[in-house]
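As a plain string of letters, each chain reads:
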Amino acid sequence: MSAVPSVTLHDGVEMPQIGLGVWQVPQERTAEVVLDALEAGYRHVDTAAGYGNEAGVGDALRTSDVPRQEVFVTTKLPNEQHGRDRTLRTFDESTAKLQLEYLDLYLIHWPTQRDDYVETWQAFAELQREGRIRSIGVSNFQKTHLRKLIDETGIVPTVNQVELHPYLVQEDLRAFNAEHGIATEAWSPLARGGELLSDPVITRVAAETGKEPAQVVLRWHLQLGNVVIPKSVTPARVRSNIDVLGFTLTDEQVAAISALNRDERTGPDPDTFG
């Protein structure tokens with residue numbers, strides 16, 4: 001299997017373009033799932049304090065033979081912990097559960113509607129200056145949130161992790177991210193499976209390429225430049241999701257998949273959530 005490509009963030013940090021998401025993975029299964037993924041070649045793990053499984057990720061990293069510096073680890077600040085003091089305390093709690101001295105990427109999980117994420121962002125920058133975080137970014141930020149953050153602090157996020165899949169292509173937001181040097185990372189990159197993976201366009205391209213529908217969708221993401229963090233607890237699926245580097249979609253296939261856009265979310269709308 002080919003090595004997973006990386007994207008270079010605007011601070012120079014290299015981020016693997018494919019990672020394992022562990023949303024909804026039970027704490028008691030997380031270490032096993034992460035260890036399977038590391039064995040399959042993953043070098044990027046995405047968790048969050050709100051997922052309740054940071055300790056499982058930490059157990060896997062501690063027991064794995066893969067050196068710590070080879071694994072890119074992301075976690076996220078919970079919505080109720082915005083503000084400088086809560087951010088610093090929660091960061092310490094997360095790194096303790098992860099059994100790590102530093103994070104590769106720390107994200108504000110949601111902007112929420114309280115408008116205190118600017119103070120939180122300044123605390124993130126403080127932690128980065130101290131060498132405790134390599135890169136700082138955000139999740140579920142719309143253009144208005146990003147503008148406020150950049151205008152009031154002058155600090156541009158390295159990553160914006162958002163819901164993104166062929167039914168929610170996010171072309172305008174991706175263009176804004178690119179204009180500001182912000183990497184776009186897709187959560188729910190497969191739209192939670194189901195209807196998308198049986199869509200006639202996806203199944204046609206899968207037949208044309210001899211690949212599984214999920215592999216076609218993940219390949220589409222990679223060719224758009226997105227970072228992806230598909231989640232699975234099934235070892236065969238975990239391996240299949242990273243086995244997307246040995247083929248290429250044509251421009252026509254990419255365009256056909258992008259044309260499936262419905263602006264349809266599977267999760268909350270960041271403009272109203274929280």
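Thresholds, definitions, all that
- Residues numbered from 1 in each chain as written.
- Predicted model: local features only at pLDDT ≥ 70, side-chain atom pairs only at ≥ 80, totals over all residues.
- Heavy atoms only, no water.
- Salt bridge = Lys/Arg side-chain N within 4 Å of Asp/Glu carboxyl O.
- Helix = DSSP H or I, 4+ residues; strand = E, 2+ residues; numbered from the N terminus.
- Buried < 20%, exposed > 50% of the residue type's maximum accessible area, 1.4 Å probe, protein only.
- Pairing = 2+ DSSP bridges.
- Core = buried A, V, L, I, M, F, W, Y, C linked by side-chain atoms within 4.5 Å.
- Contact = heavy atoms within 4.5 Å.
- Right-handed = clockwise from strand over helix to strand, strands pointing away.
- Polar contact = N/O pair within 3.5 Å; in protein donor to acceptor, adjacent residues only side chain to side chain.
- Phe/Tyr/Trp six-rings, centres within 6.5 Å; stacked < 30°, edge-to-face > 60°.

A. Expanded view of the pattern of salt bridges. Following the criterion strictly, the structure yields 14 salt bridges and no others. Note that Arg262 is salt-bridged to Glu195, the shortest N-O span being 2.8 Å. Here Arg262 is found in the segment after helix 10 (251-258), whereas its partner Glu195 is found in the loop between strand 9 (183-187) and helix 7 (200-209), with 67 residues between them in sequence. The class of Arg262 is partly exposed, set by a relative accessible area of 38%. Among the charged side chains, a salt-bridge network with shared partners connects Arg68, Asp104 and Arg134.

B. Fine view of the sheet that holds strand 10 (residues 227-228). Taken together, eight strands build an open sheet; the order of strands is 3-4-5-6-7-8-9-10 and the sheet is parallel. Two strands lie at the open edges of the sheet, namely strand 3 (20-21) and strand 10, each paired on one side alone. In the sheet, strand 4 (residues 44-46) pairs with strand 5 (residues 72-77) via three bridges, with the strands oriented parallel. Note on strand 5: the bridge partner recorded for Val45 is Val73.

C. Region of the structure containing the nonpolar core. Residues Ile18, Leu20, Val22, Val34, Tyr42, Leu103 and Leu249 are the most contacted members of the largest nonpolar core, which totals 71 residues. Among the elements that take part in this core, helix 4 (residues 117-129) stands out by supplying seven residues, more than any other. The residues touching Tyr42, leaving out its near neighbours within four places in the chain, are Ile18, Gly19, Leu20, Ala37, Val238, Asn241 and Ile242. Residues Val7, Met15, Leu107 and Val227 belong to the second largest nonpolar core, which totals ten residues.

D. The pairing of strand 7 (residues 133-139), seen in detail. The element strand 7 is extensively covered by neighbouring structure, given that six of its seven residues are classed as buried. Here strand 6 (residues 103-108) pairs with strand 7 via five bridges, running parallel. Bridged to Leu103 within strand 7 is Ile133. Regarding the hand of the β-α-β motif, the stretch spanning strand 6, helix 4 and strand 7 is right-handed. Relative to strand 8 (residues 159-163), strand 7 is paired through two bridges, and the arrangement is parallel. Pairing of Val138 across the sheet is with Asn160, part of strand 8. Traced from strand 7 through helix 5 (residues 143-153) to strand 8, the parallel crossover comes out right-handed.

E. Representation of the environment of Ala186 within the structure. Here Ala186 lies in strand 9. Separated by 98 residues in the primary sequence, Ala186 and Leu88 place their C-alpha atoms 26 Å from one another. Those residues within four positions of Ala186 in sequence are excluded, and the remaining contacts are Val162, Leu164, His221, Val227, Val228 and Ile229.

F. Structural view of the side chain of Ser64. Assignment of secondary structure puts Ser64 in the loop between helix 2 (54-63) and strand 5. Reaching out from Ser64, the side chain makes a polar contact with the backbone nitrogen of Val66 at a distance of 3.0 Å. For Ser64, the residues in contact, after removing those within four places along its chain, are Leu35 and Leu38.

G. Summary view of the packing of aromatic side chains. By the definition in use, this model includes five aromatic pairs. Ring centres 4.5 Å apart and planes at 15° place the aromatic pair Tyr106 and Phe124 in the stacked group. Residue Tyr106 is found in strand 6, and its partner Phe124 is found in helix 4; the two are separated by 18 residues along the sequence. Considered together, Tyr106 and Phe124 belong to a single accessibility category, that of buried residues.

Distances and angles like these do not, on their own, reveal function.
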